[in-house]
Every structure is written in C-alpha cells, then in structure tokens.
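Chain residues, written in single-letter form:
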Amino acid sequence: MSKEKKTKNPKVKIGKLEKKDALAGYAFITPWLIGVLAFMLYPLAQSFYYMWFNIRITPLETKFIYVGTGNFSQIWLENPEFPQQIVTYLWQTILEVPIIVVFALLIAMMLNGKIRCKGFFRLVFFLPVIIVSGPVMNMLVDEGAATIPAMNVQAIVTALDSFLPASLATNIGELFSSMIMILWYSGVQILIFLSALQKIDSSLYEAAKIDGGSKWECFWKITLPTIKPMILLNAVYSVIFLSGNEQNSLITMIQAAMFSGTKEKGYGYASAMAWMYAVIITLVVLLFFLLLGSKKDIYDKQVKRRKRQVKKEARLAKKIERRGIRNVKKLERARKKRNYKTYDGEGDYR
Amino acid sequence: MKKRILSALLAVVMTASLAACGGGGGGSTGNVDENGVTTDEITLTYWHFEDETTMKLMAEKFTEMYPNIHVETRLIDDMSQDLSAAASAGNFPDVFAGTDIDTALANQYWMDISEYYDADPETQNLLPTINEYGLGCFDTDKRYAVPTNYAPSAIFIDRNVIKALNLEMPRTDWTWDEMIQLIKDATREGSAGEMKYFGLGYYNRLDSLYGIAACSPEERQIKGEFGFNGEDFDLSYWAVGEQEFSDLKLNGYVAPQTETQEMEDWTGDWEGYFGTTGHVAVFSEGFWTFMNVWGVEGYQDQWGLDIVPYVTPNVVDEKEHNVIGQMFMAGVSSSCEHPYEAYLLLKFMTFGQDGWNARLDIYEDETILNASNVPLKNAGMPMPTTMDENVWNRYKQLFYHYEENKQYWDDFFASVTRPVCYGWCNIAGYWNFCDQYFNNIGIHDLVDAGKAKAADYVEEATNKANYYHAEAMISYFGPNGYDILSDEELAKYQAVVDAFAE
C-alpha cells in the first residue's frame, strides 16, 4: 500500500528554473499582498476591534471606552434612520440589479454584432465608469442629470400607489427618478458580458443554424446557458457596486457617523454599523447566488451518482478484504494457542 | 565629589519642576515679553464660521499687534467632520468656533480658559448675560468658550405694508399680544387679481422667541431654549408659543415658504421669497437678513420695502428682557501649545475691544469685497458682544438709513443686550435630545399640521430633555470627560438618569 502511495505522489525536487518562476510569481503578487494586508485585512481587523468600543478622539489622546454590544443596541434602538435605510437599500438593490444586468447584456449583445464604429460605441458605454468615480457623479446628480427629464416620476408613483404598498411604490418611483444613473452603472458589466460572448464557440451557432435553430432559440439554448456564470458574476459585481458607491445613503450615513463628534457616535459606532451592513450585503449576495448560481444538469447528476456508487463499491470491497485478513489472523492466533480442532480427513478431530 | 553630584541632581530636578510649572500653569512657554506673551516666532490656527475674507484681514490685524505671531485661518465646512478629521490627523486648530457644543464637549476639544478670562478686565464689560448666565461655561464653574458671531433673532416691520393697510405702527416696547394682534390685523385677502397680505413671514419660528420671552425672571430664570434654567427644562412655556404659532399658520396668517406650491400660488414663483413681496407686515428673521439682504444699498427701493427693526416683544410688559439669538462658541483647543497667545487671538477675534475696532475698520471700508464681490459688512456681519460705547457707536453707523430710523434702531439695539443662546450652543445634551427625540418624531411638523397639540408632548419632552442633559453632563464633565464634577453633582445628574430609566 505504502509503495503505491509513493508512486502516486512522487516527491519531485523543484528545479532552479521552477524556483525562479515561483519567485517571480511571488514578486508579482507582493504588491497586491501588501495592499490586501495593509488596506484590507488590517483595517478589517481594526474595525472589528473598534465596534466594541465608544471611541473619543480628543486633540490630546484617543479614548477607548468598552461598551460591548452597546453600539449595536444604540444603532437599532436609538437610530431609526438605520433600519429605514436598510429596508430602502434592500428594495433598491433587488430592483436595480436585474435592470443593470439585463441592460448590460442587451448592450453587450449589440456591441458584439457586426456594426460600424464598434470601438467607439464600446468606449461610449465604458466612459461612465470613469466619470462616475469620484465626486463627479455627485455633481451630476445635483444638476439633475440622473433623471430622465421628460419622465413624470410623481405621476408614476401616484399610479403605483393605487395598487402597491406605499414603501414599494416609493422605491419603484425612486428607480425611475434615477434611471439614467442606474444605466450608467453598467459599463463594467457590459465589458464582462462582451468578453463572455466573444468566447462562445461560433461552431455551436453554425451547428444550430444547420439544424434550423432561429436566433431566438440560439440565444436561449446557447448564449444564455454559456454566459450564465457571467450573469451571476455581474449580479454580484452590481450588488457590491451599488452597496459601496458614494450615492449610497448608508455609506454616507456610516461616513457621517465615523466623523460625528457626538458622544455615542464616532469610529466605534461607525464600525458596528459597517459590520452590520457588511453582513446584510453578504446576505444579498447569497440571495443572488441562490437565484443565479448554476444548477447541475442531469448528465452531471448521473456522473456524480455513478462516482458515488463506484466509491461505495470500492469501500465495500476493501471492507470485505479487511475482514478476510482479520479472519485469517484470528485463525492463525487460535492455531498457535491450539484451542481449536480441525478435521484431519480421517474421521477424527485433532 | 558627592556634593557636586548632589547639586547637579538638584539643579536638574529644579529645572524639570520649573518646566513642569510653566507647562501646567497655562502661561507662555519659551521666551516671553513683559506682558507674558511669547517673543518666539509662532503660528496659530483659527477655524471659524464667518466670512473668510474678513477673518483673513482680522488675522493680519492681529499680526500687526503681535508681529511674531502669525495666524492661519480656515472656514469650517462641517464642524463635526472637519474637527474629527483634524483630531485624528493631529493637526487640530489652536482656536476654533463651534456651532454644536455637544461635539466639542464630548471630545474635550476646548481647554479651560477660566484663568485667562477671569484675569482679563475686558470680560467684565460684555453683554450682561454672558457672565450672568455663564454662556460658554455650560453649567459648570469653568469657562471653556466665549460667545461669538452674535446675531439676535429679530422682528422687522415693513412700514409700507402697514401704511397700505391703514394700520398704526406699534410702539417699540410692545408686548407679545400686541405683536400677535398686528399679525392678525395685517392679514388681508387681496381684492380681485391682487396678492394676499400676510401678517407674518418667518425664518425663526415664533415658539423659539416665545420660549425665552415667556415669563418674568421672578417666575423662572429662563436661560436657554425649552424653558431651561440651568438646572432643568420646562417645556410648558415652549408649548404655548408652539401652539400659538401653529394656530397662526393653520389659520392663514403666515406667508408661504420658498419652494412650495403655496408660494407659487401666491407669487407665481416657486422660488419666491416673502421678504421681497411687499405684502408681509411682520418678519421673524435672522438679524443677518437685514445686512445681507434688505440693508444692501438700493435693495429696499427696488422691491418697494421700508423695513425697520423691532424689539422682540416680551410676554409680560417689561422693558428689559432676554432675547434668543445665534451665538456660536469659540475656545482654545486642549492641544494648543501656546494657550495664552491663543487666548489673546480668541479675544481679538470675538469680544475684545481692539478686535472690534479692527473689525469696524474693515467693515467701514466698503471697497473691500469678499469672494462673492460683496462688501464685508453685508456678508454676515455679527453684532458686538462687548458693551464698549465707542464700538457700538461706530457699529450703529454701518446700518442702512440709520440716521433716518434712529429711534427704531436705537430701541432695537438696546433690546438685544441680554442674549440667550440657542440650545445647541449652550446646553449639554441638547443636540442629542433634538436629534434623537424632538426632531426625530417631528413634533414641529405634527403640531404645525394640526395633527397634534404641543401640550400633549410637554411632560414626555421635559423628562427626555432633562435625561439627555443629565446624561451629557455626566459624560462630558464626569470621570470619562473633563472630570470636574463633584461627587454631589455627579449624584444629582445620576439621579435624573436613574429616575428616567425607571
């Protein structure tokens, strides 16, 4: 057995060239590692520590007063704005993410077609990604650039109010009032879809066409199943983007709490708020994962079942083998002790 | 040899102890002149909420007085954010003015300046309530800040409207009821095609004014909003004013606010301002509105206005009474390395006679314009907090048509010498009370809309206000804060907190 194992996983000494390659690899990822450690893991650990304290930054010193879960109860019991904003955030994310993903897919498919000035149009749709970063978006929103001027949002809300609950109607109304902004958030998703679409093997479409498949059928049977993982990826990207951008009122609330000088707010309070918000974002991501995560098809299931069966049989065979060996040893021991009799073949037992 | 070592050690100990005295005593460190002011080249930072051009010029004037002290000024955008960030980054200003004292006290931003303040003879010549009510002491026996940027809440009357409606101008020492009556009398529906006349246009709510003017000092020594007397609150006074104001609004005596449908219906302009309509008789405005808007040369003629200031009326017919006003608090930061020089700067920028004379030199020169091309006296000019006669005489002359309306202005100025700050500038815990309770449940909106009566909230709001104040006093001045409260005081505030919890 042990010999077999050795042949299965032979220990090969890494050569100089491979070592060099490995070192180069580490050197390449070192800046990223440093970045993650310094600007992600350390602040994460720090904020996790902070959330149990009331932190007062005086001009002379930083005071840490342990409050345990005090920050959490303060947020949920004394700050009615936080739960309200969480509800609004959930509604908006659930409504906006599908719009962004569908819009990005449509644009990506159009850009993937045979059109003139393809590069220019790709640039046009990616430009907002550069523009929306930083304070430019805030300025544009202030100027009313986020809404479609001809759209009467108030009329839409009034109409929705008549048959939907007020909170839902308001959130859908909000969706219309920031429609342009939402569509502006689609730049990266368009690129991801575009790259996925370009990787689909064209022979699949050719085969489908030969079999008489229409474009509509090709989309549903080839395009969509192939880029399905990208839909999940884009949905997750959209959730993260919507949850963390400057337009998000929860982010501004956390930021304001961080720099607030009132006695119960500050870094500790903001950290607690941020961690609770992070948990909620994770749940939203999980929700999209459950909805869009690829399910195994029947063939996959059968293969798995067969593998399980083979494993089971192998286990059983081993079990029988072990039992046989055990029995042989048992007999051997008994023979040595001579406390058993065997038939000698001549009608007698010895 | 032993002697030498001993004397050397003694010298070291003495030097160290002297240095310690110098640091802890609050005097200047390093080389000082005969007045105790440093002769070293130093730079002080002053953060404020006033017009930046004015403050820069003031800083230059201060440096003219103390050539070795340079001053860098900065306009504060958001007090909480700017100061928290500065404290985190270790570049906290030496002197700053604050709009919200809860933030400053919760983080011990200000140092105790009692030593300098008490030894300064000029502090005895300030508006009386500053020392009488301890404005800037926050109900302790220490002084952490001094009031600055004073702008009383003022009542103005448009004489043209009074004339157009054939009404009599009220006496300048009028009472509250007389003001309410005038507001009602001056509200008239316009005849066909004519705009309606409204009795009142407001920026400051009447309940804020009423809460201070509500009673005589014998009845209750009100020295803050919501009937605060330095110990506890009594919102019953506020409730009367709140209800009266709400009734005026609900019954159509109050002009619409800007950017409302009512304003568009009234003036045809969504962004209209009641102060330019010539159809409002009485204004409850910020004092700065006069200098920033109506007091600009030619403005009143352009809009057909003739606006004069009036005394905020008292409920009881007393000539001398308190008025509510905006007063920011300015102090020396607890991390300041040159506290005495910082105090001198604070004094120059806020209440000092030299500082005010320097300010008036700046304001009188109308060729100096700020970044918005406005003469500095029309850019939020505050009112002096010193009682110095020379300063006041020069100050009064800055006002538009002062000589023509001398009686009105003199009566008005005489009536605003007993200011009481808005709560967030003088009462510990006030901001939290408003943020977490009063504004959170929208009491103003509910009462204004007629959905609730102010009186319904009196008991609960009074208890809450007392609780927030007591909790804040323990937090700010107790062992986790400045640690200056005695055991008895701590027990007193703790009892309020405990009673509320029960």
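Quick note: structure is the one above.
To keep things clear, this report deals only with the structure shown in the data block. (Residues numbered from 1 in each chain as written. Chains lettered and ligands numbered in written order. Predicted model: local features only at pLDDT ≥ 70, side-chain atom pairs only at ≥ 80, totals over all residues. Heavy atoms only, no water.)

## Some words on the overall build of chain A
Applicable threshold: Secondary structure elements follow DSSP: runs of H or I no shorter than four residues count as helices, runs of E no shorter than two count as strands, and numbering proceeds from the N terminus. Think of it in three bands: residues with accessible area under 20% of the maximum for their type are buried, residues over 50% are exposed, and the middle band is partly exposed, with areas taken using a 1.4 Å probe on protein chains only. Working rule for contacts: check all heavy atoms of both residues, and any pair within 4.5 Å makes them a contact. Values of accessible area rely on a 1.4 Å probe in the Shrake-Rupley scheme; residue burial ignores everything except the protein chains shown.
Secondary structure assignment for chain A yields 15 helices and 2 strands. Within chain A, the proportion of its 350 residues that are buried is 30%. Considering only residue pairs separated by 6 or more positions, chain A has 68% of its internal contacts joining residues 24 or more positions apart. For chain A, the exposed area adds up to about 24,100 Å²; of that, 65% sits on carbon and sulfur atoms.

## Here we look at the overall build of chain B
For clarity, the threshold we go by: We take the radius of gyration over the C-alpha atoms and set the globule estimate at 2.2 Å times the residue count to the 0.38 power. When charges are counted, neither His nor the chain ends are considered; positive counts come from Lys and Arg and negative counts from Asp and Glu. For the purpose of locating charges, the reference atoms are NZ of Lys, CZ of Arg, CG of Asp and CD of Glu.
Scanning chain B from N- to C-terminus turns up 21 helices and 9 strands. Against the globule reference of 23 Å for 502 residues, chain B gives a C-alpha radius of gyration of 25 Å, in line with a compact fold. Principal-axis analysis of the C-alpha atoms places the extent of chain B at approximately 110 × 65 × 40 Å. Burial analysis of chain B (502 residues in total) assigns 58% to the buried set. Nonlocal contacts in chain B, meaning residues at least 24 apart in sequence, comprise 72% of its contacts between residues at least 6 apart. As displayed, chain B has an accessible area near 20,900 Å², and 49% of this comes from carbon and sulfur atoms. Looking at chain B, you have 30 positive and 81 negative side-chain charges, and the mean spots of the two groups are 3 Å apart.

## Comments concerning the side chain of B:Thr277
Residues and elements named next belong to chain B. What counts, and what does not: Within 3.5 Å is the distance limit for a polar contact, defined as a pair of N or O atoms, with the added protein rule that one can donate a hydrogen and the other accept it, and that residues adjacent in sequence qualify only through two side-chain atoms.
With respect to the helices, strands and loops of the structure, Thr277 is situated in the loop between helix H11 (261-267) and strand S6 (280-286). One polar contact links the side chain of Thr277 to the main-chain carbonyl oxygen of Phe274, over a distance of 2.8 Å. Apart from the residues within four sequence positions on either side, Thr277 is in contact with Met195, Trp266 and Thr267.

## Digging into the environment of B:Met327
Residue and element names in this part refer to chain B. Relative to the helices and strands, Met327 is located in strand S8 (residues 323-332). Classification of Met327 by relative accessible area gives buried; the value is 0%. For the pair Met327 and Ala151, spaced 176 residues apart in sequence, the C-alpha separation works out to 6.6 Å. Excluding its chain neighbours within four sequence positions, the residues that come into contact with Met327 are Ile130, Leu135, Pro147, Thr148, Asn149, Tyr150, Thr385, Pro419, Cys421 and Cys425.

## Overview of the interface of chain A and chain B
As a reminder, the rule being used: Once two parts are brought into contact, the accessible area they lose, counted with a 1.4 Å probe and summed over both, makes up the buried area. Residues are sorted three ways: Asp, Glu, Lys and Arg are charged, Ala, Val, Leu, Ile, Met, Phe, Trp, Tyr, Cys and Pro are nonpolar, and all the rest, Gly among them, are polar.
Between chain A and chain B, the contact holds 19 residues from the first and 27 residues from the second. For the pair chain A and chain B, the summed buried surface comes to about 1,800 Å²; carbon and sulfur atoms form 50% of the total. Three residues stand out in chain A for area buried against chain B, namely A:Pro59, A:Phe259 and A:Lys263, and they jointly supply 36% of the buried area on that side. Of the residues contributing to the side of chain A that touches chain B, the split by class is 8 nonpolar, 5 polar and 6 charged.

## A few points about the packing of helix H8 (residues 176-185) of chain B against helix H9 (residues 206-213) of chain B
Two numbers describe a pair of packed helices, the interaxial angle and the distance between the axes. All names here are of chain B. We apply this condition: Axis definition: a line fitted to C-alpha atoms, over the contacting stretch in the case of helices. Angles run 0 to 180 degrees between N-to-C directions. An angle below 35 degrees is read as roughly parallel, one above 145 as roughly antiparallel, one from 65 to 115 as roughly perpendicular, and any other as oblique. In this scheme the crossing of two helices becomes right-handed for a clockwise turn of the near helix relative to the far one and left-handed for an anticlockwise turn of less than a right angle.
Where H8 meets H9, the closest approach of the two axes is 12 Å, and the angle between their N-to-C directions is 160 degrees. The angle between the axes of H8 and H9 places the two elements in the roughly antiparallel class. Classified by chirality, the crossing of H9 by H8 is left-handed. Contacts between H8 and H9 involve Trp176, Met179, Ile180 and Ile183 from the former and Leu206, Leu209 and Tyr210 from the latter. Residues of the contact of H8 with H9, tallied by class, amount to 7 nonpolar, no polar and no charged.

## Some thoughts on the pairing of S6(B)
Residue and element names in this part refer to chain B. Heads up, the condition is: DSSP-based pairing: two strands are paired if at least 2 bridges between them are found.
With 7 of 7 residues buried, S6 lies mostly within the body of the structure. Two strands pair when backbone bridges link them, and strand S4 (residues 146-158) and S6 are joined in this way by 5 bridges, in the antiparallel orientation. In the strand pairing of S6, Ser153 is matched with Gly286. Judged from the 4 bridges that link them, strand S5 (residues 198-202) and S6 form a sheet pairing that is parallel. Bridging from a neighbouring strand, Leu200 pairs with Val282 of S6.

## Quick word on the pattern of salt bridges
Residue and element names in this part refer to chain B. Spelled out, the test is: Salt bridge, as used here, is a side-chain nitrogen of Lys or Arg placed within 4 Å of a carboxyl oxygen of Asp or Glu.
Tallied over the full model, the rule gives 21 salt bridges over all chains. A salt bridge links Asp410 to Lys396; the shortest N-O distance between them is 3.6 Å. Taken together, the residues span a long stretch of sequence, with Asp410 in helix H17 (residues 406-415) and Lys396 in helix H16 (residues 389-396) at a distance of 14 residues. Judged by relative accessible area, which is 19%, Asp410 ranks as buried. By relative accessible area, Lys396 is classed as buried at 16%. Three or more residues joined by partner-sharing salt bridges are found here, namely Arg205, Asp207, Glu242, Lys249 and Asp448.

## Examining a nonpolar patch on the surface
Residue and element names in this part refer to chain A. We apply this condition: Any residue with relative accessible area above 30% and no salt bridge may belong to a patch, with like charges joined within 9 Å and the nonpolar Val, Leu, Ile, Met, Phe, Trp and Tyr side chains within 5 Å.
A contiguous nonpolar surface patch, about 730 Å² in accessible area, is contributed by Ile115, Phe120, Phe121, Leu123, Val124, Leu127, Ile130, Ile131 and Val136. Considering each element in turn, the nonpolar patch owes the most residues, 7 residues, to helix H5 (residues 118-131). Counting through the fold element by element, Val136 comes out in helix H6 (residues 136-142).

## What to know about the packing of aromatic side chains
Residues and elements named next belong to chain B. Stated formally: Stacked, tilted and edge-to-face pairs are distinguished by plane angle, under 30 degrees for stacked and over 60 for edge-to-face with tilted covering the rest, among Phe, Tyr and Trp rings (Trp via its six-membered ring) whose centres lie within 6.5 Å. For a ring to carry a charge above it, either NZ of a lysine or CZ of an arginine must fall within 6 Å of the ring centroid while also lying within 35 degrees of the normal to the ring plane.
Here the structure, examined in full by the defined rule, presents 72 aromatic pairs over all chains. Residues Phe228 and Phe233 carry aromatic rings whose centres are separated by 4.7 Å and whose planes lie at 40 degrees to one another, so their mutual orientation is tilted. Take Phe228 and Phe233: they sit in the same class, and that class is buried. Here Phe283 and Trp294 contribute two aromatic rings whose centre-to-centre distance is 4.9 Å and whose plane-to-plane angle is 55 degrees, an arrangement assigned as tilted. Within this pair, whereas Phe283 is found in strand S6, its partner Trp294 is found in helix H12 (residues 288-294), the two being separated by 11 residues in sequence. For Phe283, a relative accessible area of 1% gives the class buried. Of note, Arg143 hangs over the ring of Tyr117, and the distance from its end group to the ring centre comes to 4.0 Å. Taking NZ or CZ as reference, Lys492 lies 4.7 Å from the ring centre of Tyr493, over its face.

## Let's talk about unusual backbone geometry
Residue and element names in this part refer to chain B. Located in the positive-phi region is Phe138, a residue other than glycine, with phi close to 55 degrees. Structurally, the position occupied by Phe138 is in the loop between helix H6 (128-132) and S4. Of the residues examined, Phe138 reaches a relative accessible area of 0% and is grouped as buried. Its identity is not glycine, yet Asp139 carries a phi of approximately 65 degrees, on the positive side. Tracing the backbone through its elements, the reader meets Asp139 in the loop between H6 and S4. Since its relative accessible area comes to 22%, Asp139 is described here as partly exposed.

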